[in-house]
Amino acid sequence: MRLLIVDDEVIIRTGLASVIAWHELGIELLSPAASAEEALVRMDEERPHILMTDIRMTGRTGLELAEEGLHMLPELEVIILSGHDDFSYAQQAIRQGVTDYLLKTSKPEEIIKTVLQAKQRITERWAEKSREGQLLRENKQRLFAGWIIDGDVESGPCPVFLQSGINVQSECSSDKEQVQRQILILKAAGWNRSSATLLNFAVQNMLEDVLPGAVAHIQKDRIICVVELPPDEQDFQFTLGIALTRIEQLLKCILRAAAGQPCMEVQLLHESYRTASIAYRYHGLLEDRIWQYEDVFHRIGGKTVLQHEEETTLGTLLMDNDSIMLTTWTRELVDELLMDPEVTPESFDACLHAAVNAGQRWLIRTMRAIGRDEPERFEPWRPDPDADAGELRDLLFHHLYGLMHTYHSQMGQGRTTHVQKAIAYMESGLVQDISLQHVAGQVHLHPGHLSELFKKETGVTFGDFVTGMRIRRAMDMLVVSPAKVSEVAAISGYEDVKYFSRLFKKHTGKTPSEYREEAVSYKPSGH
């Protein structure tokens, strides 16, 4: 595809010609023209597909050149460059069939995007004119998806474009030296969402240019590429790294690639794709630019639930309305998960969901404690599957912050007594060492005064209320948790399991073991 640059300023036209590696974008750069008159003389013979011209030049203007150029070549894509940010120029240019309008101060990546958009429009027009070519492309995409993605190798012979350098039938021998192949799944980022499709299109074309024997296919927002491996795989890693760096530099984007297991036979390319897909799911957990299936397949999964102490800390932060420490808590949780060499996408996601659920349970408990209605519904936790760990950390913070804001906004509506605040703190924080002095400090009262208010409002002493609350928690844990009685006692705040058992029987009429056995026996079958 040919590009002609026209500008009467030698610095501009030579700069545009040299600052961008046009040939690597699949663009043949014609010798720049110094005037509209020169361009018109050459256009009939050189027949450029894209014209990039200054709007103001000595002699004929860029708009006059565009008008005559479109008359000569009706399918010409015209890009106007101007040093004048004047909307009237843009209006006139649009009326005359100009497809894009850029300032000379535009960054190289903006110029690249604009030219690639023009190239894509031309390619689409060519495809529309050539129904046969369109059918061939569609058939190639269908065959690629069938063999590589779906693994449908029984429905027909191996596509020709996949046969280069690889054994088609495992039982067949070949005089030609066989090479291994491998599936890469790439993610391209760095352009805005509206340009994502164009970026994938550009990366797909460049991969096939810079990696010999490569066949690339766009699937939704990913690029799937079949590559040939040299005998020394380390050489390929080096070559692939250089190729990705070159594409990144030219397109001003970021590329990351997950590699599947190598294979010698075309029938096994689907297995390479399957393993590459498994590796690709780690893109949000790894910092590497290129990683292999072998780097992650052995992982068995990391932490999936919060520890009791973590839930306690979370409840305290939410109760304190401390957004700064909440930010620190979420960051430390995510960092801990990422540092675990066994972490998997499933375990990482499960632990973040556990944090979300812990926050929601906190809100329910605290709303009950102050006698307010519980939220009718929670905002669903549905992070983007392609979000990386940093984005998920921020999403978790905002979700927990929303729960905290819901509670504290309710606290500000109507009268909430000091006793209600104290009960909410004890219920939400899951603290084990609950003392009158500590709780009084949280609600800014003298311990003696809080004790008097507690007896007056609840009808029981502070100590009796704490004991009852701990026993209720123990009853819940005995029913839903397989923890030992000694562990339940410790979580409930009692180090002496014998004392805990006596206290539990005093309140319930049963020992902890008897209570658990009876509760389990009443559970409906199948639950």
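Think of each chain on its own: its residues are numbered from 1, step by step along the sequence as written. In view of the model being predicted, local features appear only for residues whose pLDDT reaches at least 70, and side-chain atom pairs are presented and counted only at 80 or more, with totals across whole chains, interfaces and linings using the full set of residues. Side-chain descriptors were evaluated using all non-hydrogen atoms of the structure, hydrogens and water having been removed beforehand.

J.: Could you give me a rundown of the packing of aromatic side chains, with the residues and numbers involved?
T.: Each Phe, Tyr or Trp ring (for Trp, its six-membered ring) is paired with any other whose centre lies within 6.5 Å, and the angle between the two planes then decides the class: stacked below 30 degrees, edge-to-face above 60, tilted in between. Scanning all chains against the criterion turns up nine aromatic pairs. Taking 5.2 Å as the distance between ring centres and 80° as the angle between the ring planes, the aromatic pair formed by phenylalanine 454 and phenylalanine 462 counts as edge-to-face. Exposed residues in this analysis have more than 50% of their type's maximum accessible area, buried residues have under 20%, and partly exposed residues fall in between, with area computed by a 1.4 Å probe over protein chains only. Residue phenylalanine 454 is classed as buried on the basis of its relative accessible area of 0%. Between the aromatic rings of phenylalanine 454 and phenylalanine 465, the centroid separation amounts to 5.3 Å while the plane-to-plane angle is 65°, which identifies the pairing as edge-to-face. Of this pair, phenylalanine 454 sits in helix α16 (residues 447–458) while phenylalanine 465 sits in helix α17 (residues 462–480), and the two are eleven residues apart along the sequence. The exposure class assigned to phenylalanine 465 is buried, which follows from its relative accessible area of 15%. Grouping aromatic residues by their ring pairs yields a cluster made of Tyr494, Tyr499, Phe500, Phe504 and Tyr515. Stacked on the ring of tyrosine 494, the Lys or Arg arginine 470 has its end atom at 5.4 Å from the ring centre. When the ring centre of phenylalanine 465 is taken as reference, the NZ or CZ atom of arginine 472 above it lies at 5.9 Å. Each helix corresponds to a stretch of at least 4 residues labelled H or I by DSSP, and each strand to a stretch of at least 2 residues labelled E; elements are numbered beginning at the N terminus. Placement of a charge over a ring requires the Lys NZ or Arg CZ to be within 6 Å of the ring centre, with the centre-to-atom vector within 35 degrees of the ring normal.

J.: Mind laying out the packing of helix α2 (residues 36–46) against helix α3 (residues 62–72), listing which residues take part and the relevant values?
T.: A fitted line through C-alpha atoms serves as each axis, taken over the contacting stretch for helices, and the angle formed by two N-to-C directions is quoted from 0 to 180°. In the contact formed by α2 and α3, the axes pass within 10 Å of each other and the chain directions differ by 10°. Compared by their axis directions, α2 and α3 come out roughly parallel. Contacts from Ala36, Ala39, Leu40, Met43 and Asp44 of α2 reach α3 at Leu65, Glu68, Gly69 and Met72. For the contact of α2 with α3, the class distribution of residues is six nonpolar, one polar and two charged. Orientation is classified from the angle alone, with under 35 degrees giving roughly parallel, over 145 giving roughly antiparallel, 65 to 115 giving roughly perpendicular, and any other angle giving oblique. Every residue pair with non-hydrogen atoms within 4.5 Å of one another is taken to be in contact. Residue classes follow a fixed rule: Ala, Val, Leu, Ile, Met, Phe, Trp, Tyr, Cys and Pro count as nonpolar, while Asp, Glu, Lys and Arg count as charged, and any other residue, Gly among them, counts as polar.

J.: An account of the nonpolar core is needed here, citing residue identities and associated values.
T.: Membership of the largest hydrophobic core comes to 76 residues, with the highest contact counts inside it found for Met426 and Leu450. Looking at which element gives the most residues to this core, the answer is helix α12 (residues 345–369), with ten residues. What leucine 450 contacts, discounting residues up to four positions off in sequence, is Val419, Ala422, Leu436, Val439, Ala440, Val443 and Leu445. Put simply, buried Ala, Val, Leu, Ile, Met, Phe, Trp, Tyr and Cys residues joined by side-chain atoms within 4.5 Å make one nonpolar core.

J.: I'd like a rundown of the sheet that holds strand β8 (residues 222–229), residues and numbers included.
T.: The criterion for strand pairing is that DSSP finds at least two bridges linking the strands in question. A sheet is described by the order of its strands in space; here five strands give the open sequence β7-β8-β6-β9-β10, paired in mixed fashion. Either end of the sheet is taken by a strand with one partner, and the two such strands are β7 (215–219) and β10 (290–292). This sheet shows a mean twist of 25° between the axes of neighbouring strands, independent of strand direction. Against the sheet, helix α7 (residues 196–210) engages β6 (180–189), β7, β8 and β9 (254–259), with an angle of about 165° to β7.

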